[in-house]
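Okay, here's what each chain looks like letter by letter:
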Amino acid sequence: MEILKVEHLSKTYGTGEAKVEALKDACFSLQKGEFAAVVGESGSGKSTLLNCVGGLDTPTAGKVLLDGQDLFAMKENRRTVFRRQNIGFIFQSFQLIPELNVEQNIIFPILLDYQKPDKRRVDEILEVLGLTERRHHLPGQLSGGQQQRVAIGRALIMRPMLVLADEPTGNLDSKNSQDVMDLLMKASRYYQQTILMITHNENLTANVDRVLKVRDGELSDLGGVRV
């Protein structure tokens, strides 16, 4: 089942001599439960790709279809709600709310939609992420690895169609980086979660389903086999 389809996506900044083609005619698709990594050097265009796929930035040309719905055919308000309900984001800098504890940070997207959290779902995610004993701790009382686990839980709680992970291990040491990758892999397999992750560290892509590479704004599919 195809969840994401990106068609001829391009993004240009500036004009004339200042013109920069950050993304050039990118095309790819992801199936439900597929875990894909986008690799590339700093400035290659991979963050631009992720921001356009997530509807955080508007492409110059092309389409992003999520479960058949064109993100950029929507009005901005509708796209904001659709994004919140269907796309989970994991950022390098965690972006947790310091005044909220672990559980409150995880359920925050649900509260934004004026919904009531499913206690069993919350308990399950806390258990899967190894945060049950930390559910009442504030972010400032957690290690970097634990904070990133909270960010993963927040991305998963709405059962989104797509999770976008922006350098999720960038601020972590090697052990915590591997722990986060293991958790993302578990989410992909256990919840059949579709994940698109960008990283500059190709060592973290060993077990993902597919590897995409961006170089000078051009996307290529390096393939990959699930192990």
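These remarks concern the structure in this document. (Residues numbered from 1 in each chain as written. Predicted model: local features only at pLDDT ≥ 70, side-chain atom pairs only at ≥ 80, totals over all residues. Heavy atoms only, no water.)

Brief notes about the sheet that holds strand E5 (residues 69-70)
Item 1. Overall, antiparallel pairing links the four strands, which are arranged E2-E1-E4-E5 in an open sheet. Single-partner strands in this sheet number two, and they are strand E2 (20-31) and E5.
Item 2. The pairing of strand E1 (residues 2-13) with strand E4 (residues 61-66) spans five bridges and is antiparallel. Along E4, the bridge assignment pairs Ser10 with Ala61.
Item 3. Across the sheet, helix H1 (residues 46-53) is in contact with E1, E2 and E4; its angle to E1 comes to roughly 125 degrees. (Pairing = 2+ DSSP bridges. Helix = DSSP H or I, 4+ residues; strand = E, 2+ residues; numbered from the N terminus. Contact = heavy atoms within 4.5 Å. Axes fitted to C-alpha atoms, helices over the stretch in contact; angles between N-to-C directions.)

What to know about the pattern of salt bridges
Item 1. Applying the stated criterion to the full structure yields ten salt bridges.
Item 2. Lys175 is the salt-bridge partner of Asp179, the closest N and O atoms lying 3.0 Å from each other. One end of the pair is Asp179 and the other is Lys175, both in helix H6 (residues 174-190) and four residues apart, which spans about a single turn.
Item 3. Note on Lys175: relative accessible area 58%, which makes it exposed.
Item 4. Close ionic contact of Arg210 with Asp221 constitutes a salt bridge, the shortest N to O distance being 2.7 Å. Placement of the pair is Arg210 in strand E9 (residues 210-215) and Asp221 in strand E10 (residues 218-223), with a sequence separation of eleven residues. (Salt bridge = Lys/Arg side-chain N within 4 Å of Asp/Glu carboxyl O. Buried < 20%, exposed > 50% of the residue type's maximum accessible area, 1.4 Å probe, protein only.)

By themselves, these observations are geometric and do not establish any function.
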